Each structure stands twice: as C-alpha cells, then as structure tokens.
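# Fold and contact review
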Amino acid sequence: MILFLGFADPLRRNLDPSVINTSRPPRAESTGMFSTVFTDLWLSPFAHGEALHHDDAFVVTVNPDLSENSRLMVLETPDGKVSVALTPAMATAGGLKPTENLSETMFRRKLAQAGITLHGADYLFAYLDKDKSELLREATGNGIRQLAAQDEEAFAAFRASSSEQDMDDAYVELDHWAVFGAFVDGRLVCAASMYPWNDSTVADLGVLTLPSHRGQGHARRVVRAICRHAAGLGYEPQYRCQLDNAASSVLAESAGLTLFGKWDVVSLDSAA
C-alpha cells in the first residue's frame with residue numbers, strides 16, 4: 001500500500017529540551033533495520049511516479065498523487081542522498097524539465113527563482129527493529145503511567161506551570177491517542193502524547209518537561225514508556241525535531257531512537 005503524506009495537526013513538534021544542549025548533530029550510524037511500515041510511509045512518495053532526474057546523490061520524482069499540502073517534499077538520508085517528490089504542477093512552477101542535468105544546488109536555485117519556499121527541515125527518528133525489541137522487554141519505571149480523563153486536574157496544573165510557547169511547540173494534549181506522564185510527589189512534571197501520523201500505523205510524539213524538572217531523565221523515561229505502549233499495539237513510534245534543536249536530538253538518541261533522515265516540505269506560505 002502506498003501512503004502519501006499530508007499534515008497531521010501541527011507541521012512540526014518541538015520536542016523536549018530537557019537535556020544539556022550540544023552542537024553536535026545526531027548519530028547516523030545503524031547496525032539494524034527500520035520497520036517496513038515506517039520506511040514504506042516515508043519512502044513511497046519518492047518511489048512512485050516519473051523520474052525527472054536520477055543519479056547516486058540526487059533524485060527528483062514527479063508524483064501526481066501527492067496531496068496539496070505535500071505537493072513538494074525533500075528527504076535526505078544519512079548516506080547523503082537527497083530525494084525530491086513533487087506534483088506535475090510544482091515541477092512546472094519551478095521550471096523543471098526532464099532533459100536537464102539537475103543537481104541539488106540547481107534545484108534549490110530554481111525553487112528560489114520561482115518563489116517556492118520550504119518550511120524548514122526536521123530530523124526524523126524511529127526505532128530500529130532490534131532496539132524496539134529491547135524496548136518491548138523493558139518495564140515501565142515507578143512514577144510513570146498512562147494518563148486518562150481522570151488526570152484532567154493534574155494535567156491542568158502541568159499546563160499552568162508551562163509557558164504557552166512550550167505547550168504550543170510540544171503539542172502535548174490530554175485528549176490525544178495516547179498520553180503518558182511522570183509524577184514526582186504526586187505532581188505531573190513531564191508529559192508526552194502521540195497521535196497516528198496521517199491515519200497510518202506510525203505514531204508521532206511530542207514531549208514536554210516542566211523547567212524545574214529538566215535534566216533529570218524524566219523525558220527519556222516517558223518517551224520510552226509511550227513508545228513501548230505504541231509498539232505493543234502494533235504502531236511504529238516516530239520522533240521529529242528541528243535541525244537546530246540539538247537537545248531534542250540528544251533526547252531522541254538517549255531514548256534509543258535512530259536517525260532516519262531529514263525531511264522538509266513546501267511551506268504553507270509558498271508562492272506556488
């Protein structure tokens with residue numbers, strides 16, 4: 001089954017900056033495999049359609065089945081290969097022709113000349129099969145549990161102790177598909193929520209820790225707990241963060257996730 005990407009709620013989620021910041025990029029090495037569910041979701045749009053350009057480093061595919069919101073997407077994998085999928089209308093708007101010997105630099109120049117802008121890339125993280133198996137064998141630690149409607153008061157207090165910007169960026173909500181939290185002395189100090197990405201069996205997550213409790217490992221434990229819950233139900237956890245959010249990249253790695261690639265999409269404010 002081919003899965004085409006659109007937007008699920010916010011375009012991106014800022015994930016919890018609860019560890020010491022670092023300027024190093026996330027590790028890209030892999031000694032295992034991602035699930036086919038996850039790879040099919042992310043690679044299908046780039047593998048179906050007419051190849052406008054193809055070489056070892058750069059691929060452009062015209063895919064007429066992309067949705068309006070995902071009419072142009074760029075995926076860069078850790079091996080340095082850059083893949084582009086775009087609709088015929090976007091190819092025309094960008095002045096892209098099948099006979100051209102494109103490079104990534106030329107492609108981006110043409111987008112700029114046409115007034116086509118991208119939103120800004122996110123890192124994509126997921127569990128390798130071997131790491132997910134280890135996750136499923138792990139027990140949930142004390143003080144961490146799934147949240148439900150009866151936790152409304154605790155979640156309201158958590159929200160009140162967080163800035164509006166943090167809540168908007170993390171997009172953690174009590175009514176999401178799955179919600180987990182960490183409690184200290186009866187107080188909710190860290191929460192993560194998930195929803196199925198684009199109606200698939202990939203579950204996208206966000207996490208937020210109160211400023212007073214950051215750097216204590218709560219986010220890592222909550223992320224692993226909610227990911228274990230999702231994986232146990234047959235879903236593939238997905239973690240996204242902006243390229244400049246180094247702390248979130250470190251959190252992803254500490255939670256056992258592996259970098260899959262960098263994904264960008266046409267901006268909602270793009271001229272075409």
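Just above sits the structure.
These notes cover the structure that comes with them.

Calculation criteria
Residues numbered from 1 in each chain as written. Predicted model: local features only at pLDDT ≥ 70, side-chain atom pairs only at ≥ 80, totals over all residues. Heavy atoms only, no water. Pairing = 2+ DSSP bridges. Helix = DSSP H or I, 4+ residues; strand = E, 2+ residues; numbered from the N terminus. Axes fitted to C-alpha atoms, helices over the stretch in contact; angles between N-to-C directions. Salt bridge = Lys/Arg side-chain N within 4 Å of Asp/Glu carboxyl O. Buried < 20%, exposed > 50% of the residue type's maximum accessible area, 1.4 Å probe, protein only. Expected span 1.5 Å × (residues − 1). Core = buried A, V, L, I, M, F, W, Y, C linked by side-chain atoms within 4.5 Å. Phe/Tyr/Trp six-rings, centres within 6.5 Å; stacked < 30°, edge-to-face > 60°.

## Let's talk about the sheet that holds strand β9 (residues 202-209)
- Pairing in this open sheet of 11 strands is mixed, and the strands run β1-β2-β4-β3-β11-β5-β10-β9-β8-β7-β6 from one edge to the other. Edge strands, defined here as strands with exactly one partner in the open sheet, are β1 (50-54) and β6 (144-146). Between one strand axis and the next, the sheet turns by 25 degrees as a mean value, whatever way the strands run.
- Here β6 runs beside strand β7 (residues 178-184); their pairing, made up of 3 bridges, is antiparallel. Of the residues in β7, the one forming a bridge with I144 is A182.

## Considering the pattern of salt bridges
- Scanning all chains against the criterion turns up 12 salt bridges.
- Of the charged contacts, one joins R240 and D122 as a salt bridge, the two residues approaching to 3.4 Å between their closest N and O atoms. Here R240, found in strand β10 (residues 236-242), pairs with D122, found in strand β5 (residues 122-126); they are 118 residues apart in sequence, far enough to count as distant. In terms of burial, R240 and D122 fall into one category: buried.
- Among the salt bridges present, the one from R240 reaches D204, with a minimum N-O distance of 2.7 Å. Of this pair, R240 sits in strand β10 while D204 sits in strand β9, and the two are 36 residues apart along the sequence.

## So, helix α7 (residues 218-232)
- Its 15 residues give α7 an end-to-end C-alpha distance of 21 Å, which sits within 8% of 21 Å, the value for a rise of 1.5 Å per residue.
- The buried count for α7 comes to 11 of 15 residues, which makes it a mostly enclosed element.
- Within the span of α7, buried status applies to H218, A219, V222, V223, R224, A225, I226, C227, R228, A230 and A231.
- A positive backbone phi angle near 90 degrees is found at G234, which sits one or two residues after α7.

## Some words on the nonpolar core
- Formed by 43 residues in total, the largest nonpolar core has its most connected members in F125, F155, F158, M194, C227, Y239 and L257.
- Top contributing element to this core by residue count: α7, with 7 residues.
- In this structure, L75, V82, L102 and F107 belong to the second largest nonpolar core, which totals 36 residues.

## Quick word on unusual backbone geometry
- Although it is not a glycine, Y171 adopts a positive phi angle of roughly 50 degrees.
- Turning to its location among the elements, Y171 is positioned in the loop between α6 (164-170) and β7.
- On the basis of relative accessibility, which here comes to 19%, the residue Y171 falls in the buried class.
- One non-glycine residue, N198, adopts positive backbone phi at about 55 degrees.
- Within the fold, N198 resides in the loop between β8 (187-196) and β9.
- Residue classification places N198 among the partly exposed positions, given a relative accessible area of 28%.

## Considering the packing of aromatic side chains
- All chains considered together, the criterion is met by 13 aromatic pairs.
- Ring centres of F38 and F260 lie 4.9 Å apart, and the angle between their planes is 85 degrees; on these two criteria the pair is classed as edge-to-face. On the criterion of sequence distance, the pair formed by F38 in helix α1 (residues 36-47) and F260 in strand β11 (residues 258-265) is long-range, its members being 222 residues apart. When sorted by exposure, F38 lands in the same class as F260, which is buried.
- On the basis of an interplanar angle of 85 degrees and a centroid distance of 5.8 Å, the ring pair of F125 and Y239 is categorised as edge-to-face. Of this pair, F125 sits in strand β5 while Y239 sits in strand β10, and the two are 114 residues apart along the sequence.
- What links up through ring pairs into an aromatic cluster is the set F34, F38, W42, W197, F260 and W263.

The values are spatial; any link to function lies outside them.
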